[in-house]
Amino acid sequence: VRNNFYLTTPLYYVNDVPHIGHSYTNVLADCIARFRRLQGRKVFFLTGTDEHGDKIARAAKAEGVDPQAFVDKIAPRFEKLWTHLGISHDDFIRTTQERHTRAVQTVLERLHKKGDIFSGDYQGYYCTPCETFWSGGQLVEGKCPDCGRSVETLEEKNWFFKLSEYQSWLIEHIQANPQFILPKSRRNEILSFLKTPLLDLCISRPRKRLTWGIEMPFDKDYVTYVWFDALINYISGCGFPENGARLKEWWPCDIQLIGKDILRHHAVIWPIMLKALDLDIPKTILAHGWWTVDGEKMSKSKGNVVDPYQVINEWGRDAYRYFLLREVPVGQDGDFSEEAIGRRYQNELGNDLGNLVNRVFSMVKRYRQGVIPGPASKSSSGSPETRSLIKDSLELPDQLEGAMAQYDFKKALEAIWRVVDTANRYVEETKPWELAKQEDAKLDEVLYTLCEVIRILAIFLGPFVPDTALKISEILGVKPPDDGSWKAKSRWGELRPKGVLGPSQILFPRKDEIG
Ligand code: ME8
């Protein structure tokens with residue numbers, strides 16, 4: 001297997017400010033990126049913004065500014081949110097960047113020359129908010145089948161991309177590669193969509209109607225359809241077309257994260273574009289579910305759009321990440337509410353993890369002056385309770401790798417939390433406060449065992465709740481592995497006795513205490 005790992009998120013439209021939905025995709029991607037780095041993979045993690053097209057032009061107009069000024073103002077808000085959330089992307093691509101526009105024009109030229117792009121007359125309907133053409137038969141009660149809004153009638157000359165030519169190839173590709181579209185339900189959805197013949201895709205917009213787009217290199221009267229433009233970012237972001245060596249280093253992409261709303265673009269149009277260009281197809285497209293808020297669809301008009309800054313302010317960014325990763329299995333829809341995140345904060349983060357770390361470190365301070373005691377003597381491997389806790393923690397790396405190979409974040413977190421629970425139970429069963437009265441050797445064994453479990457847990461927590469993992473490591477005075485040595489470092493007994501614990505920190509303060 002190659003060591004490089006390339007992953008992407010959608011490029012978000014800059015006609016809106018980023019909300020919890022966008023941040024969900026980036027948190028999932030970030031967790032994968034951090035996990036792969038932990039495994040020693042060389043990662044390239046790309047995110048960015050989608051800045052052309054009608055939607056953006058209209059939003060700019062509504063604010064009375066020119067589109068470039070408008071996108072220059074909004075794009076940094078996405079970057080700022082990712083920094084605030086601790087997203088570890090390696091590059092941020094904007095579709096108005098020169099590296100991208102050049103790539104798009106190269107693609108257009110190649111496919112035009114090859115005959116996969118042709119000119120034709122378009123007659124039908126157009127949904128402006130969705131920027132999608134529809135035939136009369138596709139409309140639902142005369143409205144856009146995707147968004148239900150009114151459509152406009154259109155008749156004009158345009159440029160088309162021969163999607164239909166590649167339909168049977170695509171079906172075969174999907175059938176031969178069960179990992180290509182995940183989860184399986186989405187794969188079935190695409191396969192059933194492909195049972196009806198594909199229409200060729202209109203990829204141009206006449207300048208008289210829209211100027212805010214990438215000029216078609218072979219017809220100056222047209223600009224490029226925003227989706228055809230934006231999808232190309234996944235290759236323009238890694239060297240296409242000039243830097244062949246870089247492209248070869250990263251392409252094909254290992255995983256592309258998207259929401260289920262844009263599955264067809266990524267699982268139909270995009271692979272066909274790549275095939276036509278003679279480039280490899282991404283290994284996996286992972287389509288996640290949709291977030292609602294208090295059971296309702298988020299919308300500006302309802303005023304219920306969740307601002308990530310507010311949630312982070314209230315609960316902290318690790319709790320925010322934890323909630324998103326843990327609340328629902330990745331393909332399913334989720335519902336955000338203050339109560340739901342509050343519950344996870346209080347139970348799993350506060351009472352389980354926070355309490356474990358806090359009580360163990362306080363006991364080391366109280367009974368051993370903050371010095372980590374030595375492990376049980378080499379000859380005995382400790383009491384049965386100790387051995388069983390050690391066994392659980394040793395099984396974690398494989399369980400995590402298994403869960404993350406299926407992008408099952410929830411399962412991975414559940415596995416970690418089983419060890420947290422076992423460790424808490426171990427405290428209850430061994431009763432260090434009783435041992436402190438007479439049994440010194442036994443108390444050493446128990447405290448060492450607990451510190452060592454916490455050290456190992458911090459390694460595994462890194463991809464999910466990075467700040468918390470770092471805080472724990474700091475208190476223990478250890479450096480979290482970042483060079484692929486995580487399995488070696490999570491072997492039992494790596495923690496050196498005699499280390500002095502750093503200042504304690506309450507990881508997840510009780511809400512009534514922080515007010
Ligand atoms: O579609 N729940 O951009 P976009 C879950 N520019 N995920 C959500 C969400 C929600 N309620 N709302 C948004 C575009 N998302 C194009 C993409 S790619 C070359 C071009 C996330 O700003 C989810 O990832 O509308 C979804 O697919 C994406 O934001 C749509 O972002």
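Each remark here, short or long, concerns the structure printed above.
Residues numbered from 1 in each chain as written. Predicted model: local features only at pLDDT ≥ 70, side-chain atom pairs only at ≥ 80, totals over all residues. Heavy atoms only, no water.

## Side note on the pattern of salt bridges
A side chain of one charge can pair with a side chain of the opposite charge when the charged atoms of the two come close.
Now for step 1: With the rule as written, the count across this model stands at 37 salt bridges.
Now for step 2: The closest approach of N and O atoms between Asp54 and Arg58, which form a salt bridge, is 3.7 Å. Here the residue Asp54 and the residue Arg58 both occupy positions in helix H2 (residues 54-63), the gap between them amounting to 4 residues, near one helical turn.
Now for step 3: Residue class for Asp54 comes out buried when judged on its relative accessible area of 10%.
Now for step 4: Glu156 is paired through a salt bridge with Arg209; the nearest N and O atoms lie 2.7 Å apart. Placement of Glu156 in strand S6 (residues 152-161) and of Arg209 in the loop between strand S9 (204-206) and strand S10 (215-216) is noted, with a sequence separation of 53 residues between them.
Now for step 5: We classify Arg209 as partly exposed; its relative accessible area is 32%.
Now for step 6: Three or more residues joined by partner-sharing salt bridges are found here, namely Arg326, Glu327, Arg344, Glu348, Lys410 and Glu414. (Salt bridge = Lys/Arg side-chain N within 4 Å of Asp/Glu carboxyl O. Helix = DSSP H or I, 4+ residues; strand = E, 2+ residues; numbered from the N terminus. Buried < 20%, exposed > 50% of the residue type's maximum accessible area, 1.4 Å probe, protein only.)

## Quick word on the nonpolar core
General note: in soluble globular proteins, nonpolar side chains tend to be found buried as a group.
Now for step 1: With 169 residues, the main nonpolar core has Phe161 and Trp251 as its most contacted residues.
Now for step 2: Among the nonpolar cores identified, the runner-up in size contains 6 residues, and Tyr126, Phe133, Phe160 and Cys202 belong to it. (Core = buried A, V, L, I, M, F, W, Y, C linked by side-chain atoms within 4.5 Å.)

## What to know about the site of the ligand
Now for step 1: Near the ligand there are 23 residues, and of these Leu11, Thr25, Asp50, Asp261 and Trp291 occur at the shortest range.
Now for step 2: One of the backbone nitrogen or oxygen atoms of Tyr13 is found 2.9 Å away from an oxygen atom of the ligand.
Now for step 3: Residue Asp261 places a side-chain N or O atom 2.8 Å away from an oxygen atom belonging to the ligand.
Now for step 4: Computed on the free molecule, the ligand has an accessible area of 680 Å², of which 93% lies beneath the protein chains in the complex.
Now for step 5: Within the residue set of the shell around the ligand, elements represented by two or more residues are strand S1 (4-13), helix H1 (20-38), helix H7 (226-231) and helix H8 (233-236). (Near = heavy atom within 4 Å. Polar contact = N/O pair within 3.5 Å; in protein donor to acceptor, adjacent residues only side chain to side chain. Areas by Shrake-Rupley, 256 points an atom, 1.4 Å probe, with all protein chains shown as cover.)

## Notes on the packing of helix H5 (residues 167-176) against helix H6 (residues 184-193)
Now for step 1: Relative orientation of the contacting elements H5 and H6 amounts to 155°, with a least axis distance of 11 Å. Judged by the inter-axis angle, H5 sits roughly antiparallel to H6. For the element pair H5 and H6, the recorded crossing hand is left-handed. Together, Ile171, Ile174 and Gln175 of H5 and Arg187, Ile190 and Leu191 of H6 make up the contact between the two elements. (Axes fitted to C-alpha atoms, helices over the stretch in contact; angles between N-to-C directions. Parallel < 35°, antiparallel > 145°, perpendicular 65-115°, else oblique. Left-handed = near helix turned anticlockwise from the far one by under 90°. Contact = heavy atoms within 4.5 Å.)

## Notes on the packing of aromatic side chains
Now for step 1: Across all of its chains, the model carries 20 aromatic pairs by this definition.
Now for step 2: Ring centres of Phe35 and Trp486 lie 5.6 Å apart, and the angle between their planes is 75°; on these two criteria the pair is classed as edge-to-face. Of the two residues, Phe35 sits in helix H1 while Trp486 sits in helix H19 (residues 486-489), which places them 451 residues apart along the sequence. Trp486 shares its class with Phe35; the two are buried.
Now for step 3: Members of the aromatic cluster, joined through ring pairs, are Tyr6, Phe44, Tyr234, Trp250, Trp251 and Trp270.
Now for step 4: Positioned above the aromatic ring of Phe44 is the side chain of Arg246, whose terminal nitrogen or guanidinium carbon lies 4.9 Å from the ring centre.
Now for step 5: Geometry around Tyr367 places Arg366 over its ring, the cationic atom sitting 5.5 Å from the centre. (Phe/Tyr/Trp six-rings, centres within 6.5 Å; stacked < 30°, edge-to-face > 60°. Lys NZ or Arg CZ within 6 Å of the ring centre and 35° of its normal.)

## Here's the deal with a negative patch on the surface
Now for step 1: A cluster of like negative charges, contributed by Asp294, Glu314, Glu338 and Glu339, occupies part of the molecular surface.
Now for step 2: By the element assignment, Asp294 lies in the loop between strand S14 (291-293) and helix H11 (308-315). (Patch = residues over 30% accessible without salt bridge, like charges linked within 9 Å, V, L, I, M, F, W, Y side chains within 5 Å. Lys, Arg positive; Asp, Glu negative; His and termini not counted. Charge placed at Lys NZ, Arg CZ, Asp CG, Glu CD.)

## Brief notes about the sheet that holds S1
Now for step 1: Taking strand neighbours across the sheet as the criterion, the 6 strands line up as S3-S2-S1-S12-S13-S7 in an open arrangement whose pairing is parallel. Every interior strand has two partners, whereas the edge strands, strand S3 (91-94) and strand S7 (181-182), have only one.
Now for step 2: Both S1 and strand S12 (residues 255-259) contribute to a ladder of 2 bridges, which runs parallel. Directly across from Leu7, in S12, lies its bridge partner Ile255.
Now for step 3: Sheet strands in contact with helix H10 (residues 263-276) are S7, S12 and strand S13 (285-288), and its direction is about 140° off that of S12. (Pairing = 2+ DSSP bridges.)

## Let's talk about the pairing of S13
Now for step 1: Every second residue of S13 is oriented toward a common face, with Ile285 and Ala287 on one face and Leu286 and His288 on the other, all of them buried.
Now for step 2: Looking at chain direction, S7 and S13 are connected through 2 bridges and run parallel. Its bridge partner lying in S13, Ile181 is registered against Ile285.
Now for step 3: In this fold, the crossover linking S12 to S13 by way of H10 has right-handed handedness. (Right-handed = clockwise from strand over helix to strand, strands pointing away.)

## Overview of the pairing of strand S4 (residues 117-127)
Consecutive residues of a regular strand have side chains that alternate between opposite faces of the sheet.
Now for step 1: Relative to S6, S4 runs antiparallel, the two sharing 10 bridges. Paired with Tyr126 across the bridge in S6 is Glu152.
Now for step 2: The turn joining S4 and strand S5 (residues 132-134), which pair antiparallel and follow one another in sequence, is formed by 4 residues; a positive phi near 50° is taken by Glu131.

## Let's talk about the side chain of His19
Now for step 1: Along the chain, His19 turns up in the loop between S1 and H1.
Now for step 2: Judged by relative accessible area, His19 falls into the buried class, the value being 17%.
Now for step 3: Only 2.9 Å separates the side chain of His19 from the backbone nitrogen of Gly21, close enough to count as a polar contact.
Now for step 4: Those residues in contact with His19, other than ones at most four positions away along the chain, are Met298, Val305, Val306 and Pro308.

The quantities given are spatial measurements derived from coordinates; they are silent on function.
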